[in-house]
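Listed here are the chains, written in short residue letters.
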Amino acid sequence: MSSAVSERVELAKFCSSRDWSKAIRVLDSLLAQSCGIQDICNRAFCYSQLELHKHVIKDCDKALQLDPTLLQAYILKGRAFSALGRKEEALAVWEQGYQFALRQSTDLKQLLELEELLVVAKQSKQETSITSENYVTESRVSLPASESKPHMNGKSNETSETQNQEDCLNLCSECEKVSEYHSNSSDDSDTPQNGTSENVKGKSLMLLSESVHDTTAKTCIPYKNLSELINGSKSSNDSEDTSKVHDKSGDKFVTLRLEQCSTSSMVSSNSSDTTEICRKSINTSDTHDVKSNEARRNNKFCLAKISKTKSISVDFRLSRGIAQVNEGNYSYAISIFDQILKEDPVYPEALIGRGTAYAFQRELEAAIADFTKAIESNPSAGEAWKRRGQARAALGESVEAIKDLTKALEFEPNSADILHERGIVSFKFKDFHAAVEDLSECVKLDKDNKSAYTYLGLALSSTGEYGRAEEAHLKSIQLDQHFVEAWAHLTQFYQDMANSKKALECLQQVIQIDGRYSKAYHLRGLLCHGMGEHRKAIKDLSIGLSIEKSNIECLYLRASCYHAIGEYREAVKDYDAALDVELDSMEKFVLQCLAFYQKEIALYTASKVNSDFCWFDIDGDIDPLFKEYWCKRLHPKNVCEKVYRQPPLPESLKKGKLRKQDYAITKQKTALLLAADSIGKKIQYDCPGFLPNRRQHRMAGLAAIEIAQKVSKAWRSLQADWKYSNKSSKSGKRLRRKERFSMASQNRGGACCSTSNSAETSTSSGITEERQSGRSMMSWHDVYSLAVKWRQISEPCDPVVWVNKLSEEFNSGFGSHTPMILGQAKVVRYFPNYERTLVVAKTIMKDKPFVNNKDDEIIDLSKEEKSEKISNAKSCDDLYKLVGEDFWLATWCNSTAFEGKQLEGTRITLVKMGERGYDFAIRTPCTPSRWEAFDAEMAMAWEALCNAYCGETFGSTDFNVLENVREAILRMTYYWYNFMPLSRGTAVVGFVVLLGLFLAANMEFSGNIPKGVQVDWEAILNFSPNSFIDSVKSWLYPSLKMKTSWKDYPDVASTFATTGSVVAALSTYDD
């Protein structure tokens, strides 16, 4: 009790001397001990004297939560809104307070004060324009002598403080007059006469990349928005929208904001660079620019009067420093704070101010040092804890940042601002569950925080709660229809959901709001690219580059589009430009690496455009080391030293484009393209993350028809020998396989060419011949290579290669990695397979009670208690706790060729990421021994198919007769998916071949893959081909129609003979 009394005596002393900063510290201490309503109002009053208007509003809100009839709080809150220029809100607050006053009539003085405030506010509202003189006059009318004064305690029975309280009341009344002078004079004195702003318009500093920062977020101290600091990207397109909302934000130091991710917001496997949305820092409005003539007249007098009291001088200089931070004059602000700190080296407010200025200058270590000193000087300085947390987040120190922000919350448990901050930090560092928790609580406390809603949408998307995510994004837009970042994130959300229509609608909204927002054109270009509309993508990307010429994302993507449609000169030019861009992030470095590799592939493809398409042979012609580095996105230095570079564009390509004859339209081409578009659509997955891509559909259709034509020809040859005969002996078949040869690739270009000798065979030569009989014979490899080559030419951005054609990495088990969970993020494409994969993993662990650690050592799980825990496991976390370390286990595939043999299927891996995240994925290592086993299995499956069709059933159109043929096709498809022999593209290649083989057997798939079904995963998660067949035939067989009309199609290989004609066919549409 004595401590509280002494503190109140000290409070009265500080109020008498107008030392409001120290008075606030005492009130902080008192409120930490006991939350008294009147003390909250007292602190609000002190904040008002320092013009910390957002603090005033926050404290008044707290007081009104405890007592909704407290008139003093309505008066102070309304004045704070009025000072911030938020007249409508001020009027609403005063009207609400006035209604309470009329009903209770306990304090007639305050009722009259409210009535006077309302009269003035309503008169002001009716005026068409308000000059700065009007503003000063209104302020004076709204500051009567009876203004709310701080009370030492709201209870009348505490007589021990009566005298101090009375003194404080009188002094506070006097203080209002000083405050009025101060508010009128500070504007002129805050700005140096000859100083220049360090914060160039549209280019304010940001420390972390890509934020959707919202300046309307609730704030705690009147500094410029440090949250923009944390955002590393600069953009020049947001100022119109964000400056509008900042007028409502009040005090300018809004807090650090952090980016999302991309990231994806939502994690999507097909476009890692697309989830990142570049954001611009938001320009803060300058309330100090509003000056009145009367303030200028009183300036000299005010300074003289204030300087009589040392503490007033300190507070005044502190206010000047804050103003300079807000205006972007960071060096000048630091000099002001330095002067204060010379007199008092541990003055917390000055340390926080200087730390803030340092942070804006990107001197984060110095900023953290100042915030730390402020905490040491005053451990209850919640603002210092918050700002140090923000600065630490900017340095990537996520754990420390979260700790500091959590500590700040101890001082303000219901602070929507700090919850917002911590939620964004958590999101930035991919702790999505924590982000959802904090941001959900934030929007409960602050229902108008559009930034919190958009980050909440991003976090919910990452955790797979797509319905709630969409609601959050829409709520953010509802709060501000001109919030371009929210529209951009909603675009990405719809793109990830494969809803291209809604995504395009959102982008149209963004461009209507801000036609100079370059990210909108990048996003639309990305969307068009994902839909196979490369020419449309180029138009949008070109607009984006006209706004921001060094945007590496736009440069790389436009280069890829030019590359795909055969405009190689433009592609090479953009790839070179991307390589010249100065880097500021790892993501951009990866794009530069890819630009190097893609340029080489573009030059290689250009060298083949006038040659027959059969000589386009990336797997045979390109150096294995080059392909390995390309697939792994490694730095190309080693490749440059060891591999020949491609020569410049040949003279035959003077314009760097395809020839006119490549685009020439003929009846044969038209017929094939119509058929291909119809057939190719059948590859489409109806699942989130899989956009319909007309270019890929056409590729699939043409590849399927070519496969059908070539396989049919091979089957006719075989049928002559095998008709009405039994299966040939295995030794005979093996002999023929050994005697087959493939035509070696005739590419003799030096650059990126294979180091293998001419005796080695190409994987894509198409049909092989049998020397003894002279008849055509295809291997399984030849069949799939046709589809692989079409897949390679259709989307040159994707490194689609045969894994066994890589360098020595093949021997160490290079393979695919397909995550379902990455950290805490649920991968939008593949998470739907999570539950089934978890069940399969548990089944394997019980059947074979061991797993392998990352060093391939066996971990025994045979103990009985572990078996029970395996059965009860419900999540990755449960399995990881059971095993105790990172591990993998392998599915198996029952062999058809070799009875009783099991092949190693896909590895299911569980790797811990951070404190609460996991990488739960399927990986398929392609080691030589595994390759050999699956090669034999695929060869037997192919021969079984040939035998099934080329015997008595050859040419049949009776669906029932072809039962064995259908099963043979699906069996080979099953082994292909489990084999996974490509660096990527295995899924689409497998289904394209399936369509082609069914067509060759006169069965056309006329339906669609059911919603939610991914055929490759059906194969991977089944242990035998028969179970796979059972899982797909229920929807596949009813959609198979007997058709022979495909035989009338023109020959694909001769109609599109050259590589150039193939590229033209994939790049030309009627619209």
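The structure displayed is predicted, hence computed values, not measured ones. (Residues numbered from 1 in each chain as written. Predicted model: local features only at pLDDT ≥ 70, side-chain atom pairs only at ≥ 80, totals over all residues. Heavy atoms only, no water.)

Draft legend 1. Spotlight on helix H40 (residues 876–883). Those residues of H40 lying buried are Cys876, Leu879, Tyr880, Leu882 and Val883. Along the axis of H40, the buried residues cluster in a sector spanning 160 degrees; they form a single face. (Buried < 20%, exposed > 50% of the residue type's maximum accessible area, 1.4 Å probe, protein only. Helix = DSSP H or I, 4+ residues; strand = E, 2+ residues; numbered from the N terminus. Arc of directions from axis to C-beta.)

Draft legend 2. Here's a closer look at the pairing of strand S9 (residues 917–925). For S9, the buried fraction is high: eight of the nine residues fall into the buried class. The sheet contact formed by strand S3 (residues 815–823) and S9 spans eight bridges and is antiparallel. The partner of Thr818 across the bridge, within S9, is Ile922. Relative to S9, strand S8 (residues 902–913) is paired through seven bridges, and the arrangement is antiparallel. Directly across from Lys912, in S9, lies its bridge partner Tyr918. In sequence, S8 turns back onto S9 through a hairpin of three residues, with Gly914 there showing a positive phi of about 70 degrees. (Pairing = 2+ DSSP bridges.)

Draft legend 3. Structural detail: the packing of aromatic side chains. Here the structure, examined in full by the defined rule, presents 36 aromatic pairs. For the pair Trp715 and Trp942, a centre-to-centre distance of 6.4 Å together with 25 degrees between the ring planes defines the contact as stacked. On the criterion of sequence distance, the pair formed by Trp715 in helix H35 (residues 694–722) and Trp942 in helix H41 (residues 928–950) is long-range, its members being 227 residues apart. Taking 6.0 Å as the distance between ring centres and 55 degrees as the angle between the ring planes, the aromatic pair formed by Trp780 and Phe979 counts as tilted. Of this pair, Trp780 sits in helix H37 (residues 780–794) while Phe979 is found in helix H42 (residues 963–979), placing the two residues 199 residues apart along the sequence. Like Phe979, Trp780 is buried. Aromatic ring contacts, followed pair by pair, group Trp780, Tyr784, Trp802, Trp931, Phe934, Trp976 and Phe979 into a single cluster. The cationic tip of Arg966 hangs over the ring face of Phe959; the distance from NZ or CZ to the ring centre is 3.6 Å. The lysine or arginine in question, Arg966, covers the ring of Tyr1037, its NZ or CZ lying 4.9 Å from the ring centre. (Phe/Tyr/Trp six-rings, centres within 6.5 Å; stacked < 30°, edge-to-face > 60°. Lys NZ or Arg CZ within 6 Å of the ring centre and 35° of its normal.)

Draft legend 4. Here's a closer look at the nonpolar core. Ranked by size, the top nonpolar core spans 174 residues in total, and within it Trp715, Trp780 and Trp942 carry the most contacts. If one sorts the elements of this core by residue count, H35 sits on top with twelve residues. If we ignore the near neighbours within four places in the chain, the residues touching Trp942 are Val711, Trp715, Met777, Met778, Ser779, Trp780, Val783, Met972 and Leu997. Ranked by size, the runner-up nonpolar core spans 78 residues in total, among them Leu458, Leu460, Ala469 and Trp487. (Core = buried A, V, L, I, M, F, W, Y, C linked by side-chain atoms within 4.5 Å. Contact = heavy atoms within 4.5 Å.)

Draft legend 5. Here's a closer look at the confidence of the model for the protein chain. On average, the protein chain scores 79 in pLDDT, and the residues at 70 or more come to 75%. Throughout residues 228–310 the model reports pLDDT below 50, and contacts reaching past four residues in sequence, or to other chains, amount to 302 contacts. Confidence drops under a pLDDT of 50 for residues 727–776, and excluding neighbours within four residues, the segment shows 94 contacts in the predicted structure. (pLDDT = per-residue confidence, 0-100.)

Draft legend 6. Highlighting the packing of helix H3 (residues 37–49) against helix H4 (residues 53–66). For the pair H3 and H4, interaxial distance at closest approach is 8 Å and the crossing angle is 165 degrees. Accordingly, the angle class assigned to the pair H3 and H4 is roughly antiparallel. Handedness of the H3/H4 crossing: left-handed. Packed against H3, whose contacting residues are Ile37, Ile40, Cys41, Arg43, Ala44, Tyr47 and Ser48, the element H4 presents His55, Val56, Asp59, Cys60, Lys62, Ala63 and Leu66 at the interface. The residue inventory of the contact of H3 with H4, partitioned by class, reads nine nonpolar, two polar and three charged. (Axes fitted to C-alpha atoms, helices over the stretch in contact; angles between N-to-C directions. Parallel < 35°, antiparallel > 145°, perpendicular 65-115°, else oblique. Left-handed = near helix turned anticlockwise from the far one by under 90°. Nonpolar A, V, L, I, M, F, W, Y, C, P; charged D, E, K, R; others polar.)

Draft legend 7. Spatial organisation of H3. In a regular helix each residue adds 1.5 Å, so 13 residues correspond to 18 Å; H3 covers 19 Å between its end C-alpha atoms and thus fits that length. Most of H3 sits out of view: twelve of its 13 residues are buried. Phi for Glu51, located one or two positions after H3, is positive at around 60 degrees. (Expected span 1.5 Å × (residues − 1).)

Draft legend 8. Structural detail: the packing of H41 against H42. The contact between H41 and H42 brings their axes to 9 Å, and the two run at 165 degrees. As far as their axial angle goes, H42 and H41 are roughly antiparallel. Helix-helix and strand crossings are classified by hand; for H41 and H42 the assignment is left-handed. Packed against H41, whose contacting residues are Arg930, Trp931, Phe934, Asp935, Glu937, Met938, Ala941, Trp942, Leu945, Ala948 and Tyr949, the element H42 presents Asn964, Val965, Ala968, Ile969, Met972, Tyr975, Trp976, Asn978 and Phe979 at the interface. Taken together, the residues that form the contact of H41 with H42 break down as 15 nonpolar, two polar and three charged.

Draft legend 9. Structural detail: the environment of Phe831. Secondary-structure assignment places Phe831 in the loop between strand S4 (825–826) and helix H38 (834–847). Relative accessible area serves as the criterion here: at 21%, Phe831 is assigned to the partly exposed category. Distance from Phe831 to Ile821, taken between C-alpha atoms, is 6.6 Å for residues ten residues apart in sequence. Ignoring any residue separated from it by four or fewer positions in sequence, one finds Phe831 in contact with Met820, Ile821 and Lys826.

Draft legend 10. Representation of the environment of Ala704. Positionally, Ala704 belongs in helix H35. Residues Ala704 and Val993, 289 residues apart in the sequence, show an inter-C-alpha distance of 6.2 Å. When near neighbours in sequence (up to four residues on either side) are disregarded, Ala704 contacts Ile679, Val992, Leu995, Gly996 and Leu999.

Draft legend 11. Representation of the sheet that holds strand S6 (residues 858–860) in the model. Across the sheet, which stays open at both edges, the seven strands sit in the order S4-S3-S9-S8-S7-S5-S6 with antiparallel pairing between neighbours. Each edge of the open sheet carries a strand with a single partner, namely S4 and S6. Bridge analysis of strand S7 (residues 887–894) against S8 gives seven bridges, and the strand direction is antiparallel. When the bridges of S8 are listed, Asn894 appears paired with Gln902. Each of S7, S8 and S9 is contacted by H41, which is oriented at about 135 degrees to S8, the strand it contacts most.

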